[in-house]
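Examination of the molecular architecture
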Amino acid sequence: MNNSSPTSKRRISILGATGSIGRNTLDIMNHLGGRDAFEVPAITGMGNIELLAEQARQTGAGFAVTADPGRYADLKAALAGSGIETGAGPAALIEAGARNTDLLIAGIVGIAGLAPTLAAAANGADIALANKECLVSAGDLFTAAITRGGGKLLPVDSEHNAIFQVLEEDQRHAVERIILTASGGPFRDFTREQMAAVTPEVAAAHPNWSMGIKISIDSASMFNKALEMIEARHLFGVKPEQIEVIVHPQSIIHSMVGYSDGSVLAQLGAPDMRHAIGYAISHPRRANLPIERLDFARLARLDFFAPDENRFPALGLARTAMQRGGLQGAVLNGAKECALEAFIAGQVGFLEMADIVATTMDKLDDGRMAQTIDDVYAADRDARDVANTAIAGAARRAV
Ligand code: NAD
Ligand code: MG
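Now for a description of the structure that goes with this document. Per chain, the residues get numbers from 1 upward, laid out in the order the sequence is written. To read the labels, note that chains go from A and ligands from 1, taken in the order they are written. A pLDDT threshold of at least 70 governs which residues receive local features in this predicted model, and a stricter bar of 80 or more applies before side-chain atom pairs are shown or counted, although totals over entire chains, interfaces and linings include all residues. As a convention, hydrogens and water are excluded, and side-chain values are obtained from all of the structure's heavy atoms.

Here a strand is any run of E in DSSP of at least two residues, a helix any run of H or I of at least four, and the numbering for each starts at the N terminus. Counting its regular elements, the chain contains 18 helices and 12 strands. Only C-alpha atoms enter the radius of gyration, while the globule expectation follows 2.2 Å times N to the 0.38, with N the number of residues. The C-alpha radius of gyration computed for the chain amounts to 21 Å, which stays within 12% of the reference 21 Å derived for 399 residues, consistent with globular compactness. Along the three orthogonal principal directions, the C-alpha set of the chain runs to about 55 × 50 × 40 Å. Restricting to contacts in the chain with at least 6 residues of sequence separation, those with at least 24 account for 68%. This count recognises Lys and Arg as positive and Asp and Glu as negative, with His and chain-terminal groups excluded. Charge positions come from single atoms, namely NZ of Lys, CZ of Arg, CG of Asp or CD of Glu. Measuring between centres, the 36 positive side-chain charges of the chain sit 2 Å from its 46 negative side-chain charges. Note on contacts: a residue pair is in contact if any heavy atoms of the two residues lie within 4.5 Å.

What follows is about the coordination of the magnesium ion (ligand 2). Donor criterion used throughout: N, O or S atom within 2.8 Å of the metal, extended to 3.2 Å for Na, K and Ca. Water excluded; incomplete-looking sites may result. Those donors, Asp-157 (OD), Glu-159 (OE) and Glu-228 (OE), are the protein atoms that reach the magnesium ion (ligand 2), and they lie 2.1 to 2.2 Å from it. Sequence spacing of the donor residues for the magnesium ion (ligand 2), all on one chain, is D-x1-E-x68-E. Of the two residues, Glu-159 sits in helix H8 (residues 158–166) while Glu-228 sits in helix H12 (residues 223–236), which places them 69 residues apart along the sequence. For each residue, the accessible area found with a 1.4 Å probe, counting protein chains only, is set against the maximum for its type, and the residue is called buried under 20%, exposed over 50%, and partly exposed in between. For Glu-228, a relative accessible area of 1% translates into the label buried.

For Phe, Tyr and Trp, rings pair up if their centres lie within 6.5 Å, where Trp contributes its six-membered ring, and each pair is then called stacked (planes under 30 degrees apart), edge-to-face (over 60) or tilted (otherwise). In the structure shown here, the tally under the stated rule is four aromatic pairs. A ring pair is formed by Phe-187 and Phe-190, whose centres lie 4.8 Å apart and whose planes are at 40°; its orientation type is tilted. The buried category is assigned to Phe-187, whose relative accessible area is 1%. Owing to a relative accessible area of 26%, Phe-190 belongs among the partly exposed residues under this scheme. Between the aromatic rings of Phe-343 and Phe-350, the centroid separation amounts to 5.6 Å while the plane-to-plane angle is 65°, which identifies the pairing as edge-to-face. Taken as a pair, Phe-343 and Phe-350 share a single burial class, namely buried.

Right, let's get into helix H16 (residues 328–344). A helix is expected to span 1.5 Å multiplied by its residue count minus one. An ideal rise of 1.5 Å per residue puts 24 Å on 17 residues; H16 measures up with 24 Å between its terminal C-alpha atoms. Counted residue by residue, H16 has 15 buried out of 17 residues, so it is predominantly covered.

All right, on to the sheet that holds strand E12 (residues 264–268) then. At least two DSSP bridges between two strands are required for those strands to pair. On the basis of which strands lie adjacent, the open sheet formed by four strands has the order E10-E9-E11-E12 and mixed pairing. Single-partner strands in this sheet number two, and they are strand E10 (243–247) and E12. If you compare each strand with its neighbour and ignore which way they point, the axes differ by 20° on average. The angle between two axes is taken between their N-to-C directions and runs from 0 to 180 degrees, where each axis is a line fitted to C-alpha atoms and a helix contributes only its stretch in contact. Each of strand E9 (175–182), strand E11 (253–259) and E12 is contacted by H8, which is oriented at about 45° to E11, the strand it contacts most. H12 contacts E9 and E10 of the sheet and is inclined by roughly 150° relative to E9.

Residues are classed as near a molecule or strand on a simple rule: at least one heavy atom within 4 Å of it. For ligand 1, the set of nearby residues contains 23 residues, the closest of which are Thr-18, Ser-20, Ile-21, Glu-133 and Gly-212. Contacts to ligand 1 include Gly-212, whose backbone N or O atom sits 2.9 Å from an oxygen atom. Counted by class, the shell around ligand 1 contains 12 nonpolar, eight polar and three charged residues. In protein, a polar contact requires one atom able to donate a hydrogen and another able to accept it; more generally it is a pair of N or O atoms within 3.5 Å, and residues adjacent in sequence count only if both atoms are side-chain atoms. Nonpolar residues are Ala, Val, Leu, Ile, Met, Phe, Trp, Tyr, Cys and Pro. Charged residues are Asp, Glu, Lys and Arg, and all others, Gly as well, are polar.

Turning our attention to helix H17 (residues 352–363). With 12 residues, H17 extends 17 Å from end C-alpha to end C-alpha; this agrees with the ideal 16 Å at 1.5 Å per step. Of the positions making up H17, those classed as buried are Met-353, Ala-354, Ile-356, Val-357, Thr-360 and Met-361. Angularly, the buried residues of H17 cover 160° about the axis, an arc narrow enough to put them on a single face. It is the directions from the helix axis to the C-beta atoms whose arc is reported.

Moving on, we come to the pairing of strand E4 (residues 63–66). A regular strand places its side chains so that they alternate between the two faces of the sheet. Because side chains alternate across E4, one face comprises the buried residues Phe-63 and Val-65, and the other comprises Ala-64 and Thr-66, equally buried. One ladder, built from four bridges, connects strand E3 (residues 42–45) with E4; its direction is parallel. Residue pairing for E4: Gly-45 is matched across the bridge by Thr-66. Convention used here: a crossover is right-handed provided that the path from the first strand, over the helix, to the second strand proceeds clockwise when the strands point away from the viewer. One crossover worth recording links E3 to the parallel E4 by way of helix H3 (residues 49–59), and it is right-handed. Relative to strand E5 (residues 85–88), E4 runs parallel, the two being bridged by four bridges. By the bridge assignment for E5, Phe-63 is matched with Glu-85.

What follows deals with the nonpolar core. Among buried residues, those of type Ala, Val, Leu, Ile, Met, Phe, Trp, Tyr and Cys that are joined through side-chain atoms within 4.5 Å constitute a nonpolar core. In terms of nonpolar packing, the biggest core is built from 88 residues, with Ile-127, Phe-142, Phe-350 and Met-353 touching the most fellow members. A total of nine residues in this core trace back to one element, the largest contributor, which is H16. If we ignore the near neighbours within four places in the chain, the residues touching Phe-350 are Phe-187, Met-195, Ala-196, Val-198, Ala-203, Ile-217, Ala-220, Ser-221 and Phe-343. The next biggest cluster of nonpolar side chains, apart from the first, holds 34 residues, and it includes Ala-56, Leu-103, Leu-154 and Ala-276.

Here we take up a negative patch on the surface. Exposure above 30% relative accessible area and the lack of any salt bridge qualify a residue for a patch; like charges then connect within 9 Å, and the nonpolar side chains Val, Leu, Ile, Met, Phe, Trp and Tyr within 5 Å. Computed with the Shrake-Rupley method and a 1.4 Å probe, the accessible areas treat only the protein chains shown as cover for residues. Put simply, a salt bridge is a Lys or Arg side-chain nitrogen that is within 4 Å of an Asp or Glu carboxyl oxygen. A contiguous patch of negative charge on the surface is contributed by Glu-168, Asp-170, Glu-176 and Asp-261. Turning to its location among the elements, Glu-176 is positioned in strand E9. Among the residues examined, Glu-176 registers a relative accessible area of 42% and is labelled partly exposed.

Within the secondary structure, Asn-123 is located in the loop between helix H6 (114–122) and strand E7 (126–129). Its relative accessible area of 18% is what places Asn-123 among the buried residues. Along the sequence, Asn-123 and Phe-312 sit 189 residues apart, while their C-alpha atoms lie 40 Å from each other.

Written out as structure tokens, the structure reads:
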């Protein structure tokens with residue numbers, strides 16, 4: 001952590017403050033003392049200017065940024081007279097990330113969050129990472145950037161947060177497997193025929209977790225779990241074959257670590273993202289958090305099933321990407337972001353998303369390695385070009 005605060009308050013900047021992770025973060029910060037405990041050097045949002053302005057005023061933020069340059073005038077007007085600096089567009093997002101802070105909550109969705117998060121890392125901030133696409137796309141370059149800056153990487157994704165809690169630092173050599181739990185989403189028991197016909201509205205309705213629309217649909221297709229497998233590989237330095245996925249519909253066990261003596265350590269809790277966020281904010285201590293306590297007698301049972309990779313091909317694609325290595329994580333993510341947007345826009349069907357990603361990964365399987373972050377952006381752009389061509393083909397066939 002560099003450039004210490006002039007006051008004793010903890011400084012927390014929030015990328016994606018208006019989203020599900022961002023709103024939960026502000027809720028936990030309020031619970032932990034609000035403006036008496038925290039300063040907010042910067043917060044960002046995109047289309048919901050009214051909420052962004054309200055959050056900026058409530059937290060007394062130093063700098064408020066919308067990712068959409070077309071909304072700059074609205075944000076400026078909404079914060080007129082507040083003394084809060086405003087900005088818009090990609091350069092302002094990076095500046096928001098680079099403002100001196102102790103902790104950055106990376107809560108943007110997609111690769112759009114990579115540049116501002118890297119700016120915070122370069123400035124020595126600790127990174128509480130929800131924005132898993134940073135790790136999936138940039139992999140070890142991303143973790144190396146945080147290490148170089150001197151900050152800590154604190155996983156906020158509930159599975160990785162769980163693993164972080166039960167991974168004994170001095171027993172890393174004895175880690176045999178990482179077991180990621182998955183709820184199975186709303187289509188756990190659907191046939192492929194039923195899945196082919198689902199709409200974005202149905203796919204976005206997650207049974208256990210309340211999240212943004214993109215991650216909710218990714219949960220339904222298990223692309224979210226696919227991203228999380230790659231995320232786990234980079235976070236915990238394990239081999240692809242050490243990462244297992246188990247469907248656990250109740251979402252009470254958030255993930256597990258299996259050790260070489262046969263012992264399995266699990267982290268359990270109510271499915272509430274505020275736990276992982278509160279844990280990251282309070283680390284290395286545990287705070288008193290307003291999370292529902294588990295009542296085991298009422299829970300009565302926990303179920304587990306092996307995932308069906310025929311209906312959820314995303315899991316196999318993650319394994320392929322990890323085995324191929326290089327820039328395939330960035331390619332998988334870029335193609336998936338395009339396919340997801342096309343599904344939301346009604347251009348392709350639910351199952352076609354995996355076909356588009358598989359085609360793109362095969363076309364761009366050229367063994368290229370990521371030397372710099374620019375290579376990651378180039379791979380992301382190439383993936384989007386190839387995926388968009390596949391999407392246009394799929395849309396033509398559907399007419
Ligand atoms: P969300 O859609 O609710 O919010 C996304 C935020 O990012 C919003 O503030 C939005 O304004 C901003 N944003 C969107 N597109 C942007 C762009 N192109 N440039 C800059 N800002 C942009 O999403 P979310 O559910 O809060 O998820 C955020 C991240 O956290 C994702 O990577 C997701 O996978 C991860 N995550 C979320 C949850 C959850 O419970 N919501 C759980 C685990 C991990
Ligand atoms: Mg998760």
